[in-house]
Amino acid sequence: MIISCIQTGPTKGHTQANKDAVEERVLAADADLVVLPELFASGYFFDSTEQAAALAESVPDGPTTHRLHSWARATGATIVAGLPERDGDALYNSAVVVTPNGWLGTYRKTHLFYEETLHFEPGADGFKVWTVTDRNRRSYRLGVMICFDWFFPESARTLALNGADVIAHPSNLVLPHCPTAMPIRALENGVFTATANRVGTESNGAESLTFIGRSVICSPSADVLASAPEAEEAVIRAEIDPHAARETALNPYNDRHRDRRPQLYVR
Ligand SMILES: NC(=O)CCCC(N)=O
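Residues numbered from 1 in each chain as written. Predicted model: local features only at pLDDT ≥ 70, side-chain atom pairs only at ≥ 80, totals over all residues. Heavy atoms only, no water.

(A) Here's a closer look at the overall build of the chain. In terms of regular secondary structure, the chain is built from 6 helices and 16 strands. The globule rule puts the C-alpha radius of gyration for 267 residues at 18 Å, and the 17 Å found for the chain is close to it. When burial is assessed residue by residue, the chain has 55% of its 267 residues classed as buried. Accessible area of the chain: about 11,300 Å², with a carbon and sulfur share of 50%. (Helix = DSSP H or I, 4+ residues; strand = E, 2+ residues; numbered from the N terminus. Rg over C-alpha atoms; globule rule 2.2 N^0.38 Å. Buried < 20%, exposed > 50% of the residue type's maximum accessible area, 1.4 Å probe, protein only. Areas by Shrake-Rupley, 256 points an atom, 1.4 Å probe, with all protein chains shown as cover.)

(B) A look at the sheet that holds strand β3 (residues 78–87). Spatial ordering of the open sheet is given by β5-β4-β3-β2-β1-β14, a layout of 6 strands whose pairing is mixed. Of all the strands in the sheet, just β5 (102–108) and β14 (234–239) have a single pairing partner and so form its edges. Averaged over all neighbouring strand pairs, the angle between strand axes comes to 30 degrees, with direction disregarded. The pairing of strand β4 (residues 90–99) with β5 spans 6 bridges and is antiparallel. The partner of V97 across the bridge, within β5, is G105. Each of β1 (2–7), β3 and β14 is contacted by helix α1 (residues 15–27), which is oriented at about 160 degrees to β1, the strand it contacts most. (Pairing = 2+ DSSP bridges. Axes fitted to C-alpha atoms, helices over the stretch in contact; angles between N-to-C directions. Contact = heavy atoms within 4.5 Å.)

(C) Looking closely at the UniProt feature "domain: CN hydrolase" (unreviewed entry) in the chain. In this structure's numbering, the residues bearing the UniProt feature "domain: CN hydrolase" (unreviewed entry) are residues 1–242. From the first C-alpha to the last, residues 1–242 spans 7 Å; its make-up is 24% helix and 33% strand. (UniProt positions renumbered as here; feature names shortened; annotations may be inferred.)

(D) Main features of the environment of R67. The residue R67 is located in helix α3 (residues 63–75) in this model. When its relative accessible area of 16% is taken as the criterion, R67 is described as buried. In the structure, R67 is positioned 40 residues away from L27 in sequence and 12 Å away in space, judged by C-alpha atoms. In contact with R67, other than residues within four places in its own chain, are Q16, K19, D20 and E23.

(E) Inspection of the sheet that holds strand β6 (residues 129–133) at higher detail. With mixed pairing, 6 strands are arranged side by side in an open sheet as β6-β7-β8-β9-β12-β13. At either margin of the open sheet sits one strand with a lone partner, and together these are β6 and β13 (224–227). The sheet shows a mean angle of 20 degrees between the axes of neighbouring strands, direction not considered. Across the sheet, helix α6 (residues 178–189) lies against β8 (166–170), β9 (192–196), β12 (216–218) and β13, angled at about 20 degrees from β12, the strand it touches most.

(F) Spatial organisation of the pairing of β9. Of all 5 residues that make up β9, 5 are buried, and the element is covered over most of its length. Of the two faces of β9, the one carrying F192, A194 and A196 and the one carrying T193 and T195 are both buried. Pairing of β8 with β9 involves 5 bridges; the strand directions are parallel. Of the residues in β9, the one forming a bridge with V166 is F192. After leaving β8, the chain enters α6 and then returns to the sheet as β9, a path that is right-handed. (Right-handed = clockwise from strand over helix to strand, strands pointing away.)

(G) Structural context of the packing of helix α5 (residues 153–161) against α6. At a minimum axis distance of 9 Å, the contact between α5 and α6 shows a crossing angle of 40 degrees. The orientation of α5 relative to α6 falls into the category oblique. For the pair α5 and α6, the sense of crossing is right-handed. Residue-level inspection shows P153, A156, R157 and A160 of α5 in contact with α6, the latter providing R185, E188 and N189. Residue classes in the contact of α5 with α6 are distributed as 3 nonpolar, 1 polar and 3 charged. (Parallel < 35°, antiparallel > 145°, perpendicular 65-115°, else oblique. Left-handed = near helix turned anticlockwise from the far one by under 90°. Nonpolar A, V, L, I, M, F, W, Y, C, P; charged D, E, K, R; others polar.)

(H) Representation of the packing of aromatic side chains in the model. On inspection of all chains with the given rule, the structure shows 11 aromatic pairs. Arranged with centres 6.0 Å apart and planes meeting at 70 degrees, the rings of F46 and F120 form a pair that is edge-to-face. With F46 in the loop between β2 (33–35) and α2 (49–55) and F120 in the loop between α4 (116–119) and β6, the pair connects residues that are 74 residues apart, well separated along the chain. F120 shares its class with F46; the two are buried. Measuring from centroid to centroid gives 5.9 Å for F113 and Y114, while their planes differ by 35 degrees, and the two rings are tilted. When the ring centre of Y92 is taken as reference, the NZ or CZ atom of R108 above it lies at 3.9 Å. Across the ring face of F211, the terminal group of R198 is positioned such that the distance to the ring centre comes to 4.0 Å. (Phe/Tyr/Trp six-rings, centres within 6.5 Å; stacked < 30°, edge-to-face > 60°. Lys NZ or Arg CZ within 6 Å of the ring centre and 35° of its normal.)

Right, dumping it as structure tokens:
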């Protein structure tokens, strides 16, 4: 199967224009799994919680999920994309999994970063894995984490223990470390990872953040299968066999799952 990460450069608040700007690359991706960045259409560094709330939408009946479904239907791809979600009075930094058959599920970011903590509720649903199919109807297991979740090894580890073959990782990275770390996150958990980041600089009216690009697709052997430049919009892609993630033996004596000693791991 083909994984594609689309590295974008959105303008905060211009959700329609940001979706229009990425549509052509999604429709041309020719991939089984397309990963878009965290908050891909809204932008990230909100001036206020009121601005975040104004840009948030309900799932699955909001306009962005509908647009993602039209793209999934048109391409046959499964799409993972980040958006600000409103559920009653609560706002979440979420990612939706959308297939040609429609919305499949939502992940709410567990570990909020910096001023996200002012605007969003932390997700409390844990790390979910969905069974999806590629365009040849071959099934694989897809987990999702969002940006800063990478910093906590428990995120990718829990997804791997929950059976993920592939981890989609919508991001808005501003620190330099994640792209360097992701090959090891993939290796230590025996999964493929697909980090889709953005570029550009955004201000909240008082300070600004610059996003580092460097989207990256990694293999269970810590290979960097594809990577994007730092400051340009880009599309990266890689062909993988997701079931290769199910080979847990490292050698005749070691197995990445069997060798774990959770009874000795504190917390
Ligand atoms: N949007 C984010 O969660 C940024 C996390 C910090 C980083 N790794 O850049």
